[in-house]
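# Results of the structural survey
What follows is each chain in one-letter form.
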Number of protein chains: 2
Amino acid sequence: MNEQNYPEFTGLELSPRKADYLKLILEKKGTVKTTEISSCLQVDPSTTTKTLSELATAGYLNHVPYRGVDLTEMGKAYAEFLVRRHRILSLLFTHYGLSTEEACAEVSRFETFVSRDAVNKICNSMGHPMIGVCGEISHEKCFHEGHYH
Amino acid sequence: MNEQNYPEFTGLELSPRKADYLKLILEKKGTVKTTEISSCLQVDPSTTTKTLSELATAGYLNHVPYRGVDLTEMGKAYAEFLVRRHRILSLLFTHYGLSTEEACAEVSRFETFVSRDAVNKICNSMGHPMIGVCGEISHEKCFHEGHYH
DNA sequence: GAGTTTTTTTGGCATTACCCCAAATTAGTC
DNA sequence: GACTAATTTGGGGTAATGCCAAAAAAACTC
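Residues numbered from 1 in each chain as written. Chains lettered and ligands numbered in written order. Predicted model: local features only at pLDDT ≥ 70, side-chain atom pairs only at ≥ 80, totals over all residues. Heavy atoms only, no water.

### Quick notes on the packing of helix H2 (residues 34-41) of chain B against helix H3 (residues 45-57) of chain B
Between two packed helices, both the angle of their axes relative to each other and the distance between the axes serve to describe the pair. Residue and element names in this part refer to chain B. Put simply, the test is: Axis lines are fitted to C-alpha atoms, over the contacting stretch for helices. Their N-to-C directions set the angle, which ranges from 0 to 180 degrees. Secondary structure is summarised from DSSP: a helix means a run of H or I of at least four residues, a strand means a run of E of at least two, and numbering begins at the N terminus for each. Note on angle classes: values under 35 degrees are labelled roughly parallel, values over 145 roughly antiparallel, values of 65 to 115 roughly perpendicular, and the remainder oblique. Handedness of a helix crossing follows the sense of rotation of the near helix relative to the far helix, less than a right angle counterclockwise being left-handed and clockwise being right-handed. Only heavy atoms enter the contact rule, under which two residues are in contact if any of them lie within 4.5 Å. Throughout this entry, Asp, Glu, Lys and Arg are counted as charged residues, while Ala, Val, Leu, Ile, Met, Phe, Trp, Tyr, Cys and Pro are counted as nonpolar. The remaining residues, Gly among them, count as polar.
Taken N-terminus to C-terminus, the directions of H2 and H3 make an angle of 110°; their axes are 9 Å apart at the nearest point. One finds that H2 runs roughly perpendicular with respect to H3. Crossing of H2 against H3: the hand is right-handed. Only Pro 45, Thr 48, Thr 49 and Leu 52 of H3 make contact with H2, whose side of the interface consists of Thr 34, Ile 37 and Ser 38. Its residues assigned to classes, the contact of H2 with H3 comprises 3 nonpolar, 4 polar and no charged.

Laid out in structure tokens, this is it:
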């Protein structure tokens, strides 16, 4: 029910932008409409449509044309990993003199290129912290929130 | 004579591949030939030529056609930053359960997206370590070597 | 429930970062 | 001065990302 069921993935399979879409859809919960995604990510609806169908083809989403998308089981597990990765890395950076906002912004730029393996090792090494520094990803608002390891 | 003279740069101005070229040229010292770069980076010489002229246009290199390239003062300062960034980040990751090689490889994938500001903060926070874990970047060999902060 | 409005999708096109190949050009050597 | 090896030019190609205009579907309105 979580990423343990998909031990195949490396964490590097999605492009930065596709990861943004997945994280946003997880955050919104349930079925999400094209327009909503477009306005959050600030892109043309046609861009959103195209990206969503690629994510659906790759098995992360169920896409009912004209209706919206929701995460597949795999998509949910993957999106949860993406969120965990963001939070672990952000937390890490706040231990080195970056503010929550700085860490969040910094990590958002590179997180897509950090492997699941590395994240797991860092997570272990930090003792599976339950408290992250950043609840929202790749957009703007950052707040304190509990999380899982 | 080091990056202190170019306080304008953010560390995000070069694409990943361009950063590879710059780091390689710094490492090779002096004038470097197209063929040498091509074989190190495993790309067609024509690709190298094109990239070099872009880096020259941007002010990082002096390019004498058919002769080779060498770093401008700015290019040298920038390349030194690139190396320092790689080493600081690699060192950081080895503190979280990654081996030298793993850290090196991991960092190579995302370092281009970490700002100079963040690197400086991390560097401060770590007390300006003189010993890095990785001397070579974005290629393969990693070895222990002292370095500057 | 038919017409209008809004949302979504399609198709076409553009940019940036990479990359290769073949042909032309230049440098270095005998 | 001619040959060979290195380099550059010109022409293309892909993947990721994005926009616009037009078509299609769904929603709303009266």
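Past the structure itself, the notes keep going.
### As for the packing of aromatic side chains
All names here are of chain A. Note the threshold: Put simply, two rings from Phe, Tyr or Trp (the six-membered ring, in Trp's case) pair if the centres are within 6.5 Å, and we call them stacked under 30 degrees between planes, edge-to-face over 60, tilted for the rest. Each residue is placed in one exposure class: buried if its accessible area under a 1.4 Å probe, protein chains only, is under 20% of its type's maximum, exposed if it is over 50%, and partly exposed if it falls in between. Any Lys NZ or Arg CZ found within 6 Å of a ring centre and within 35 degrees of that ring's normal is scored as a charge over the ring.
The full count for this structure, using the stated rule, is 12 aromatic pairs over all chains. Here the aromatic rings of Tyr 78 and Phe 81 are separated by 6.0 Å at their centres, their planes lie at 70°, and the arrangement is edge-to-face. One end of the pair is Tyr 78 and the other is Phe 81, both in helix H4 (residues 73-94) and 3 residues apart, which spans about a single turn. Residue Tyr 78 is classed as buried on the basis of its relative accessible area, which comes to 2%. Here the basic side chain of Arg 116 rests over the ring of Phe 9, its NZ or CZ set 4.1 Å away from the ring centre.

### Digging into the interface of chain A and chain B
One widely used convention gives an interface's size as the accessible area the parts lose upon coming together. Rules: In this description, buried area is defined as the sum, over both parts, of the accessible area (probe of 1.4 Å) that is lost when the two are combined. Basic side-chain nitrogens of Lys or Arg form a salt bridge, by our definition, when they fall within 4 Å of a carboxyl oxygen of Asp or Glu.
If you look at the interface, chain A gives 20 residues, while chain B gives 20 residues. Of the roughly 1,800 Å² buried between chain A and chain B on both sides combined, carbon and sulfur atoms contribute 65%. For chain A, the biggest contributors to the area lost against chain B are A:Tyr96, A:Phe113 and A:Lys121; these three give 34% of the whole. The tally of links from chain A across to chain B stands at 2 salt bridges. The shortest N-O distance in the salt bridge between B:Lys121 and A:Glu102 comes to 2.6 Å.

### What to know about the protein's contact with DNA strand D
To be explicit about the condition: Each residue is tested against the molecule or strand, and it is near if at least one of its non-hydrogen atoms lies within 4 Å. Here a polar contact is taken to be a pair of N or O atoms separated by no more than 3.5 Å, where protein atoms must pair a possible hydrogen donor with a possible acceptor and residues adjacent in sequence count only if both atoms sit in side chains.
Close contacts around DNA strand D come from 21 residues, with A:Ser15, A:Ser46, B:Thr35, B:Lys50 and B:His63 the closest. Looking at DNA strand D alone, sugar and phosphate atoms form 69% of those within 4 Å of the protein. In this structure, B:Thr34 approaches DNA strand D through a side-chain N or O atom, which is 2.9 Å from a phosphate oxygen. If you list the elements that add at least two residues to the surface near DNA strand D, you get helix H1 (16-28) and helix H3 (45-57) of chain A together with H2 and H3 of chain B. When grouped by side-chain class, the residues that make up the surface near DNA strand D number 6 nonpolar, 9 polar and 6 charged.

### Examining the relation of the copies chain A and chain B
As a reminder of what qualifies: To superpose the copies, least squares is applied to the C-alpha atoms of every residue with a pLDDT of at least 70 in both.
Mapping chain A onto chain B calls for a rotation angle of 180° and an axial translation of 0.0 Å; the resulting RMSD is 0.0 Å. In symmetry terms, the pair is related by a two-fold rotation axis. Of every C-alpha in chain A, the one belonging to A:Phe110 sits nearest the axis of rotation, 2.7 Å from it.

### Section: the pairing of strand S2 (residues 68-71) of chain A
Each regular strand carries side chains that alternate between the two faces of the sheet. Residues and elements named next belong to chain A. Definition in use: If DSSP finds at least two bridges between two strands, the strands pair.
Bridge count for strand S1 (residues 61-64) against S2 is 4 bridges, and the pairing is antiparallel. Directly across from His 63, in S2, lies its bridge partner Val 69. As consecutive antiparallel partners, S1 and S2 are separated by 3 residues, and within that stretch Tyr 66 has a phi angle of approximately 70°, a positive value.

### Overview of the protein's contact with DNA strand C
Around DNA strand C sit 21 residues in total, of which A:Thr35, A:Lys50, A:His63, B:Ser15 and B:Ser46 are the nearest. A:Tyr66 places a polar main-chain atom, nitrogen or oxygen, 3.1 Å from a phosphate oxygen of DNA strand C. Between DNA strand C and the protein, one listed contact pairs a phosphate oxygen with a side-chain N or O atom of B:Arg17 at 2.8 Å. The element that contributes the greatest number of residues to the surface near DNA strand C is H3(A), accounting for 4 residues. Across the surface near DNA strand C, the residue classes break down as 6 nonpolar, 9 polar and 6 charged.

### Structural notes on the environment of B:Leu24
Examined against the element boundaries, B:Leu24 turns out to sit in helix H1 (residues 16-28). In the structure, B:Leu24 is positioned 59 residues away from B:Val83 in sequence and 9.8 Å away in space, judged by C-alpha atoms.

### Quick look at the pattern of salt bridges
Tallied over the entire structure, the rule returns 18 salt bridges over all chains. Linking B:Asp20 and B:Arg17 is a salt bridge whose minimum nitrogen-to-oxygen distance equals 3.0 Å. With B:Asp20 and B:Arg17 both in helix H1 and 3 residues apart, this pair spans about one turn of that helix. Because the salt bridges share partners, they merge into one network encompassing A:Arg17, A:Asp20, A:Lys23 and A:Glu111.

### Concerning the packing of H1(A) against H4(A)
All names here are of chain A. Interaxial distance between H1 and H4 falls to 9 Å at its minimum, and their mutual angle equals 100°. Here H1 is positioned roughly perpendicular relative to H4, judged by the angle of their axes. On H4, the residues that touch Ala 19, Leu 22, Lys 23 and Leu 26 of H1 are Gly 75, Lys 76, Tyr 78, Ala 79, Glu 80, Leu 82 and Val 83. Here the contact of H1 with H4 is built from residues that sort into 7 nonpolar, 1 polar and 3 charged.

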